[in-house]
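# Tertiary structure, described
Here's the letter readout for the chains.
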Amino acid sequence: MMGPTGLIPLGGVLQSAAAWTETTWLHYFATNYKWVWATMETLHFLGMGLLVGTVGVLDLRLIGVAKGLPIESTQKLVPWGIAGFVLNTLTGIVFLAGAPYQYLYNFAFQMKVLFMIAAGINVMLFYWGGAWPKAKRVGAGESAHWAAWLAGATSLFLWIGVMYWGRMLTFFRPPFVVPPK
Amino acid sequence: MELLASLEHSGFGTWVREAPTIWAYPTVLFLHTVGLAFLVGINVAIDLRILGVASSMPLAPMKRLFPWMWAGFWVNAASGVALLIADATTKLANPVFGVKMAFIALGVVNMAWSKKRLFSDPEGLERGPASSHAKRVAIVSLLLWIGATTAGRLMGYLGPVSGLE
């Protein structure tokens, strides 16, 4: 086995995490039934559409698209975005369990996780950092203030980035990993 | 078949498929994914609203989201043509590809039609809950986009598969 590659030099920790993952029932499930990977990928794409579509409507409104929508009303779509996020976390865990080396040592995967963490921080700053109480009073036809605009633009950028790194996974596959399928 | 092979082996097809640069195949695939998220994702948000989710959100201003869905559609039409040329003989021999195209054609027609009919009467949209007719249109829309996305993904698994994703 080659040494760790990618962004984060976790070395031994990563190695033992990957080795342990391959002993789990989830790894067996993900790699021993042909339909599992295809089904999980399909669900992962549907979850992506649900997440980016619903959260995207709020983000677009924050940056000034469809200003006829009161901002607080668009926020009611967010639970569906969270549902998409949960679906994608679960299906993502199946991929991770199925091919731990392909992901843990992959620069694109590490970037994808970083972008997801950044998106999480952006959401927390938006809701608890003072921008949301002001933004939710923005009615039809009004513009969001700069902090809310910035949160929306950042969210769009980060989720598009998450899709970018997700797509780059196969092109950054570590050289010692045999492709699945 | 010869036409497809020559398309596939054209300079453009070969470049998309084989150029050792992030700007060829990886970027085309990425654009196809972002286009999907905007076209299908925003359409799903509108469908959910028609079905009663986030009912405090007025429907009529959602009309302004249609250009974003059309942008997603055209990005995917263009990137899809590039992906098709790069893998023409395999993709066109795959019945799942035909199924995907059918779902997309119906999805787009349904979307254009709902914009024309549902969104042409903003006052009607604002009056209480959406009509049962509008709800049927929304359910059909959800099913068509789920079908298109599923067929797209399964093209990598069912029928002839070249290994190009």
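Since we're looking at a predicted model, the values are computed, not measured.

Take the overall build of chain A next. Counting its secondary structure elements, chain A contains 9 helices and 0 strands. N-terminal to C-terminal, the α/β element order of chain A is α-α-α-α-α-α-α-α-α. Taking all 181 residues of chain A together, the buried fraction comes to 38%. Within chain A, contacts between residues separated by at least 24 positions form 80% of all contacts whose residues are at least 6 apart in sequence.

Right, let's get into the overall build of chain B. The helix and strand tally for chain B stands at 8 helices and 0 strands. Written out in order from the N terminus, the α and β elements of chain B read α-α-α-α-α-α-α-α. Over its C-alpha atoms, taken along the principal directions, chain B stretches across nearly 55 × 30 × 25 Å. Per-residue burial for chain B yields a buried fraction of 38% across its 165 residues. Considering only contacts in chain B between residues 6 or more positions apart, those separated by 24 or more positions represent 85%.

Once that is clear, we can look at the interface of chain A and chain B. In this complex, chain A contributes 30 residues to the contact, which on the side of chain B involves 31 residues. Listing elements by their share of the side of chain A that touches chain B, those giving two or more residues are helix H3 (34-62), helix H4 (71-74) and helix H9 (146-168) of chain A. A total of 14 residues in the side of chain A that touches chain B trace back to one element, the largest contributor, which is H3 of chain A. Residues that form the side of chain A that touches chain B fall into these classes: 18 nonpolar, 9 polar and 3 charged.

Here chain B shows a mean pLDDT of 92. Residues at 70 or above account for 95%. Predicted as a complex, the structure gets a pTM of 0.93 and an ipTM equal to 0.94.

Next up on the list: the environment of glutamate 8 of chain B. All names here are of chain B. Residue position: glutamate 8 is located in helix H1 (residues 2-8). We classify glutamate 8 as buried; it has 22 C-beta atoms within 10 Å. Spatially, the C-alpha atom of glutamate 8 lies 23 Å from that of glycine 35, the residues being 27 residues apart in sequence. Among residues more than four places away in sequence, those in contact with glutamate 8 are Gly13, Ile85, Ala86, Asp87, Ala88 and Thr89.

All names here are of chain B. It is the contact of helix H3 (residues 25-50) with helix H4 (residues 66-86), at a shortest axis distance of 8 Å, that shows an interaxial angle of 145 degrees. Of the two elements, H3 crosses H4, and the hand of that crossing is left-handed. Note on element contacts: H4 touches H3 through Trp68, Met69, Ala71, Gly72, Phe73, Val75, Asn76, Ser79, Gly80, Ala82 and Leu83, opposite Val28, Leu31, His32, Val34, Gly35, Leu36, Phe38, Leu39, Ile42 and Asn43. For the contact of H3 with H4, the class distribution of residues is 14 nonpolar, 7 polar and no charged.

Moving on to the environment of alanine 135 of chain A. All names here are of chain A. Of note, alanine 135 is situated in helix H8 (residues 131-135). The class of alanine 135 is buried, set by 23 C-beta atoms lying within 10 Å. Residues alanine 135 and alanine 66 lie 69 residues apart in sequence; the distance between their C-alpha atoms is 15 Å. For alanine 135, the contacting residues outside a window of four places in its chain are Leu62, Ile71, Ala144 and Ala148.

Moving on, we come to unusual backbone geometry. In the Ramachandran plot, alanine 66 of chain A falls in the positive-phi region, its phi being about 50 degrees despite a non-glycine side chain. Among the secondary structure elements, alanine 66 of chain A is positioned in the loop between H3 and H4. Look at alanine 66 of chain A and you get buried, because 21 C-beta atoms sit within 10 Å. Even without being glycine, alanine 54 of chain B reaches a positive phi, approximately 50 degrees. Summarising the element assignment, alanine 54 of chain B is placed in the loop between H3 and H4.

The tendency in soluble globular proteins is for nonpolar side chains to be buried as a group. The biggest cluster of nonpolar side chains holds 69 residues, and the ones touching the most others in it are Val162 of chain A together with Ala37 of chain B. For this core, the element with the most residues is H3 of chain B, which contributes 12 residues. Alanine 37 of chain B has contacts with Met48, Gly49, Val52, Gly53 and Met163 of chain A, leaving out every residue within four places of it along the chain.

All names here are of chain B. Under the 1.5 Å per step criterion, the end-to-end length of H4 is 30 Å for 21 residues, consistent within 8% with the ideal 30 Å. Buried within H4 are the following residues: Met69, Gly72, Phe73, Asn76, Ser79, Gly80, Ala82, Leu83 and Ala86. Where H4 is buried, its residues contact H1, helix H2 (11-18), H3 and helix H6 (95-117).

Turning to helix H5 (residues 78-98) of chain A, a few remarks are in order. All names here are of chain A. Here H5 contains 21 residues, and its C-alpha end-to-end distance of 30 Å stays within 8% of the 30 Å for a straight helix at 1.5 Å per residue. By the burial criterion, the buried members of H5 are Gly81, Gly84, Asn88, Thr91, Val94 and Gly98. All buried residues of H5 lie within an arc of 140 degrees about the axis, which places them on one face of the element. Relative to its buried face, H5 has exposed residues pointing more than 90 degrees away, namely Pro79, Val86 and Thr89. Next to the buried residues of H5 lie helix H2 (25-32) and H3.

Parameters and conventions
Each chain carries its own residue numbering, running from 1 in the written order of its sequence. The order in which chains are written sets their letters, starting at A; the order in which ligands are written sets their numbers, starting at 1. Only residues with pLDDT of at least 70 get local features here, since the model is predicted, and only at 80 or more are side-chain atom pairs given and counted; chain-wide, interface and lining totals rely on the full set of residues. Only runs of H or I of at least four residues qualify as helices and only runs of E of at least two qualify as strands under DSSP, and these elements are numbered from the N terminus. Three exposure classes are used, based on other C-beta atoms lying within 10 Å of a residue's own C-beta, which is placed from the backbone: buried for 20 or more, exposed for 12 or fewer, and partly exposed in between. Any residue pair is listed as a contact if its two C-beta atoms, each placed from the backbone, are within 7 Å. Asp, Glu, Lys and Arg are counted as charged, while Ala, Val, Leu, Ile, Met, Phe, Trp, Tyr, Cys and Pro are counted as nonpolar; the rest, among them Gly, fall into the polar class. Scored from 0 to 100, pLDDT records how confident the predictor is in each individual residue. Here the axes come from fitting lines to C-alpha atoms, over the contacting stretch only for helices, and the angles between their N-to-C directions go from 0 to 180 degrees. Two helices that cross are described as forming a left-handed crossing if the nearer one is turned anticlockwise from the farther one by less than a right angle, and a right-handed crossing if clockwise. In this usage, the nonpolar core is the set of buried Ala, Val, Leu, Ile, Met, Phe, Trp, Tyr and Cys residues whose C-beta atoms join them within 7 Å. Under the convention used throughout, the expected extent of a helix is 1.5 Å for every residue step, that is, one less than its residue count. The arc in question is the one traced by the directions running from the helix axis out to the C-beta atoms.

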